[in-house]
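Given next are the chains, with one letter for each unit.
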Amino acid sequence: MIPRKRPAWQAGEWRSILARAVRDVDELWRLLALPPALLPGARAAARRFPLRLPRPYLQRMRRGDPDDPLLRQFLPLGEELEEVAGFVTDPVGDEAALAAPGVLRKYHGRVLLITTGACPVHCRYCFRRHFPYEKQRLQMPVVGSEVEEVILSGGDPLSLSDARLAELVSSLPSRVTLRLHSRMPVVLPQRIDTGFLAWVEREVGRGRRLVMVIHANHAREVDGTVEMALEALRLRGVMLLNQAVLLRGVNDEAEVLAALSRRLFQAGVLPYYLHRLDPVAGAAHFQVEDERAGELMEALRTELPGYLVPRLVRESAGAPYKLPLS
Ligand SMILES: *Cc1c(COP(=O)(O)O)cnc(C)c1O
Ligand code: SF4
């Protein structure tokens, strides 16, 4: 038997990686040897929505290639400044769905908490890039018997300390499923450290069902460190799902999406949603046409077992669920 590797990330190591994240566009250009012609536009775009990228993630990218599908997701570009009809600041009606500060109740039986505005990375297509994150401390809302699941979202809930996470869910009855929507295991797997895993073990030990919905858009994002973090979670009883966003220049090819599903499966994760881009101002250059999206889904259904085909959905203000497409 080959012994499996266990993550040996020390509690809190992720914080220092995050503190040293690349935030300066000029530095990114130097590190990845990017074309100087794109730099002025990038500087302007980053003034509106800052660059943020942990250094270990940079090692998965190709140098000298502004079209690298990993870099593309985080690369500020002059195109973001163009105003495009239909691309707005609150595309999914979140502000109307706020039941209390930071508490979104859109769907039956589920409550979603905006726990923090902080993310380990800044994805250029983010639908919350203009969201007015409240400053006040979020309290866990009173959870009535109709609530079956509490979803911690953000921002990225794993930007919070383990102590703050524990405090937030301490009043949550163990019958309530806890779901975490986090990009951390993919972009900063060091976050799944000994302290976090100890908290997971305590929650699962109380009989809590834990679901983590990670966010990877391309197979190459899932490297060996990511796989280790995911395995550590899975071995402790966390159900792992992935949500991706359909993005032009990142994953708008059938082979790329199929490779993502297969890679996720190898890492013990099932594809859950493939989101249509929310029409958020500054992200129009990522849009994939409806017809193309339908073709891609058809190709995936033909190519893959049903359980590796994500559901193509669109968020629609006022709808009772995320609307399936094609
Ligand atoms: C996406 C979302 C959920 C979760 O929806 P599922 O279809 O169960 O994944 C819950 N609340 C809000 C506000 C959401 O945006
Ligand atoms: S991790 Fe999620 S919330 Fe954070 S910037 Fe990316 S898409 Fe937005």
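Thresholds applied
- Sequence order sets the numbering: in each chain, residues are counted from 1 along the sequence as written.
- Working convention: letters from A go to chains and numbers from 1 go to ligands, in the order in which they are written.
- Per-residue local features are limited, in this predicted model, to residues with pLDDT of at least 70; the limit for side-chain atom pairs, both in listing and counting, is 80 or more; totals at the level of whole chains, interfaces and linings are taken over all residues.
- The side-chain numbers reported here are obtained from all heavy atoms of the structure, hydrogens and water having been left aside.
- Residue ranges assigned to each domain were obtained from an automatic or database domain assignment.
- Two residues form a contact once any of their heavy atoms are found within 4.5 Å.
- Buried area: the accessible surface (1.4 Å probe) lost by two parts on joining, summed over both.
- Counted as salt bridges are all cases of a side-chain nitrogen of Lys or Arg within 4 Å of a carboxyl oxygen of Asp or Glu.
- For this analysis, a polar contact is any N or O atom pair within 3.5 Å, provided that within protein one partner can donate a hydrogen and the other can accept it, and provided that sequence-adjacent residues contribute only side-chain to side-chain pairs.
- Numbering of helices and strands runs from the N terminus, with a helix taken as a DSSP run of H or I at least four residues long and a strand as a DSSP run of E at least two residues long.
- Only a single heavy atom is needed: when it lies within 4 Å of a molecule or strand, its residue is near that molecule or strand.
- Residues were grouped as follows: Ala, Val, Leu, Ile, Met, Phe, Trp, Tyr, Cys and Pro as nonpolar; Asp, Glu, Lys and Arg as charged; and all remaining residues, including Gly, as polar.
- Note on areas: Shrake-Rupley, 1.4 Å probe, and residue coverage restricted to the protein chains presented here.

Visitor: Give a detailed account of the domain arrangement of the protein, specifying residues and quantitative values.
Guide: When cut into domains, the protein gives domain 1 (13-81) and domain 2 (96-324). For domain 1 versus domain 2, the separation of C-alpha centres amounts to 23 Å. The interface of domain 1 with domain 2 comprises 30 residues on the first partner and 34 residues on the second. Taken over both partners, the interface formed by domain 1 and domain 2 buries close to 2,600 Å², and the fraction arising from carbon and sulfur atoms is 56%. Three residues stand out in domain 1 for area buried against domain 2, namely W14, F49 and R60, and they jointly supply 30% of the buried area on that side. The interface formed by domain 1 and domain 2 contains three salt bridges. Between R220 and D68 there is a salt bridge, with its nearest N and O atoms 2.6 Å apart. Across the domain 1-domain 2 interface, the total number found is 17 residue pairs in polar contact (both at pLDDT 80 or more). Every element with two or more residues in the side of domain 1 that touches domain 2 is listed here: α1 (13-19), α3 (39-48), α4 (55-58) and α5 (69-72).

Visitor: Go over the site of ligand 2 with me, naming the residues and quoting the values.
Guide: Around ligand 2, the neighbouring residues are C119, V121, C123, C126, R183 and H215. Partitioned by chemical class, the residues of the shell around ligand 2 number four nonpolar, one polar and one charged.

Visitor: Explain the site of ligand 1 to me, and be specific about the residues and the numbers.
Guide: For ligand 1, the full set of nearby residues is L104, K106, Y107, R110, L112, I151, R179, Y272, Y273, E315 and K322. In the environment of ligand 1, an oxygen atom lies 2.8 Å from a nitrogen or oxygen atom belonging to the side chain of R179. In isolation ligand 1 has 380 Å² of accessible area, and contact with the protein removes 92% of it. Looking at the shell around ligand 1, the elements that each hand over two or more residues are β3 (110-114) and β8 (270-275). Looking at the shell around ligand 1 residue by residue, the classes come out as six nonpolar, no polar and five charged.

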